[in-house]
Amino acid sequence: MNAIDLLKADHERVKALLTQLSESTERGVKKRTELLAKLEAEISLHTRLEEEILYPAFRKAGGKEQDIMYHEAKEEHRTVDTLVLPDLKQTEPSTTEFSGRVKVVKELLEHHIEEEETEMFPQAKKLLGKALLEELGAEMEAMKAAHKKLQSTKPMAA
């Protein structure tokens, strides 16, 4: 699978989790907790795939415009990973504050996904070409497989 198709499939999973999370109610504490854990796991791995594999290749192949896009995308990741998600994780799932924070996370991530899919990915296709995108996709699949293997060997929390 090429890198762009793989990342778009990730985006669909993230959007589905966000929709489920935003449609959940204050009574669904267990469901919210599980969905948040899944969302965090998806985002964490997806961010690594982009920042370690696609983004550097995109930046290297491009010029100033791609360099700016690269930094903007990384900053959006940083905002979600270090500010918004940690705050959401510290928020009691049975509150309306949690609902409000989920809405903000959803808006931020949907904006980021849209920019990648309408601006960065089409440019990456042109700049990187089919063969390199296939190679990067294989690298991503290997990273995902290694991550899954690592997760399956971790002992379950008591």
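Basis of the calculations
- Counting restarts for each chain, with residues numbered from 1 along the sequence as it is written.
- Thresholds applied to this predicted model are a pLDDT of at least 70 for local features of residues and 80 or more for the giving and counting of side-chain atom pairs; totals over whole chains, interfaces and linings are not thresholded and use all residues.
- Neither water nor hydrogens contribute to the side-chain values; these are computed over all heavy atoms in the structure.
- What counts as a helix is a DSSP run of H or I of at least four residues, what counts as a strand is a run of E of at least two, and both are numbered from the N terminus.
- Restricting the calculation to C-alpha atoms gives the radius of gyration, and the globule rule supplies 2.2 Å times the number of residues raised to the power 0.38.
- Burial classes follow relative accessibility: with a 1.4 Å probe on protein chains only, a residue under 20% of its type's maximum area counts as buried, one over 50% as exposed, and anything between as partly exposed.
- By definition in these notes, contact holds between two residues if any of their heavy atoms fall within 4.5 Å.
- Computed with the Shrake-Rupley method and a 1.4 Å probe, the accessible areas treat only the protein chains shown as cover for residues.
- Positive charges come from Lys and Arg alone, negative charges from Asp and Glu alone, with His and the N- and C-terminal ends not counted.
- Charge coordinates come from a single atom per side chain, which is NZ of Lys, CZ of Arg, CG of Asp or CD of Glu.
- Residue types Ala, Val, Leu, Ile, Met, Phe, Trp, Tyr and Cys, when buried and joined through side-chain atoms within 4.5 Å, form a set referred to as a nonpolar core.
- A pair is scored as a salt bridge if a Lys or Arg side-chain nitrogen falls within 4 Å of a carboxyl oxygen belonging to Asp or Glu.
- Axes, fitted as lines to C-alpha atoms, cover a helix only where it is in contact. Angles between the N-to-C directions of the axes lie from 0 to 180 degrees.
- Just so you know how the angles are binned, under 35 degrees is roughly parallel, over 145 roughly antiparallel, 65 to 115 roughly perpendicular, and the rest oblique.
- Whether a crossing is left-handed or right-handed is set by the direction in which the near helix is turned from the far one by less than a right angle, anticlockwise for left-handed and clockwise for right-handed.
- When residues are grouped by polarity, Ala, Val, Leu, Ile, Met, Phe, Trp, Tyr, Cys and Pro land in nonpolar, Asp, Glu, Lys and Arg in charged, and all others, Gly among them, in polar.
- Expected span, for any helix, means 1.5 Å times one less than how many residues it has.
- Note that the bend at a residue is defined as the angle between axes fitted to the seven residues ending at it and the seven residues starting at it.
- Patch membership requires more than 30% relative accessible area and the absence of a salt bridge. Residues of like charge join within 9 Å; the nonpolar side chains Val, Leu, Ile, Met, Phe, Trp and Tyr join within 5 Å.

Trainee: Which parts of the structure should I look at to understand the overall build of the protein?
Mentor: The helix and strand tally for the protein stands at four helices and zero strands. Element order for the protein, N to C, with α for helix and β for strand: α-α-α-α. Relative to its length of 158 residues, the protein is compact, with a C-alpha radius of gyration of 17 Å against a globular reference of 15 Å. Principal-axis analysis of the C-alpha atoms gives the protein an extent of 50 × 35 × 20 Å. Within the protein, buried positions represent 39% of all 158 residues. In the protein, once contacts between residues fewer than 6 apart in sequence are set aside, the share between residues at least 24 apart is 77%. When the accessible surface of the protein is totalled, it reaches about 9100 Å², and 55% of it is carbon and sulfur. Positive and negative charge centroids in the protein, built from 25 and 31 side chains respectively, lie 4 Å apart.

Trainee: Can you help me understand the nonpolar core in this one?
Mentor: The tendency in soluble globular proteins is for nonpolar side chains to be buried side by side. If you look at the biggest cluster of nonpolar residues, it comprises 21 residues, and the most contacted ones within it are Leu7, Leu49, Leu54, Met120, Leu128, Leu136 and Met140. Elements with a contribution of two residues or more to this core: helix H1 (3-23), helix H2 (29-61), helix H3 (64-89) and helix H4 (96-153). Ranked by the residues each element gives to this core, the list is headed by H4, at eight residues. Setting aside chain neighbours within four positions, we find Leu54 in contact with Leu7, Leu49, Phe121, Leu128, Leu133, Leu136 and Met140. Within the second largest apolar cluster, 17 residues are counted, among which are Val14, Leu18, Leu39 and Leu85.

Trainee: Even after reading the chapter, I still don't get the pattern of salt bridges, so can you show me in this structure?
Mentor: When the charged atoms of two side chains with opposite charge come close together, those side chains can pair. Across all of its chains, the model carries 13 salt bridges by this definition. Arg48 is paired through a salt bridge with Glu52; the nearest N and O atoms lie 3.1 Å apart. Residue Arg48 and its partner Glu52 are located together in helix H2, separated by four residues, close to a single helical turn. One salt-bridge network, held together by shared partners, links Asp10, Arg13, Glu42 and Lys144.

Trainee: Even after reading the chapter, I still don't get the packing of H2 against H4, so can you show me in this structure?
Mentor: Helix-helix packing is characterised by the crossing angle of the two axes and by the distance between the axes. Axis separation between H2 and H4 bottoms out at 7 Å; the angle between their running directions is 45 degrees. As summarised for this structure, H2 and H4 are arranged oblique, according to the angle between their axes. Of the two elements, H2 crosses H4, and the hand of that crossing is left-handed. A per-class count over the contact of H2 with H4 returns 23 nonpolar, five polar and seven charged.

Trainee: Whenever I open this one, the environment of Glu97 confuses me. Can you help?
Mentor: Its location among the elements puts Glu97 in helix H4. Among the residues examined, Glu97 registers a relative accessible area of 45% and is labelled partly exposed. Each C-alpha atom of the pair Glu97 and Glu26 lies 9.7 Å from the other, and the pair is 71 residues apart in sequence.

Trainee: Is there a simple way to explain the environment of Glu92 in this structure?
Mentor: For Glu92, the location among the structural elements is in the loop between H3 and H4. A relative accessible area of 44% places Glu92 in the partly exposed class. As for Glu92 and Thr25, which are separated by 67 residues in sequence, their C-alpha atoms are 12 Å apart.

Trainee: Is there a simple way to think about H3 in this case?
Mentor: Along an α-helix, residues three or four apart share an orientation, since each turn contains 3.6 residues. With 26 residues, H3 should cover 38 Å at 1.5 Å per step; its first-to-last C-alpha distance of 36 Å lies within 8% of that length. The largest bend in H3 comes to about 35 degrees, at Val80. All of the buried residues in H3 are Gln66, Met69, Tyr70, Ala73, Glu76, His77, Val80, Val84, Leu85 and Leu88. At its buried positions, H3 is contacted by H2 and H4.

Trainee: Would you mind showing me how to read a negative patch on the surface here?
Mentor: Together, Glu65, Glu72, Glu114 and Glu119 line one region of the surface with negative charge. The set of elements that each furnish at least two residues to the negative patch consists of H3 and H4. By the secondary structure assignment, Glu119 is in helix H4. Judged by its relative accessible area of 37%, Glu119 is partly exposed.

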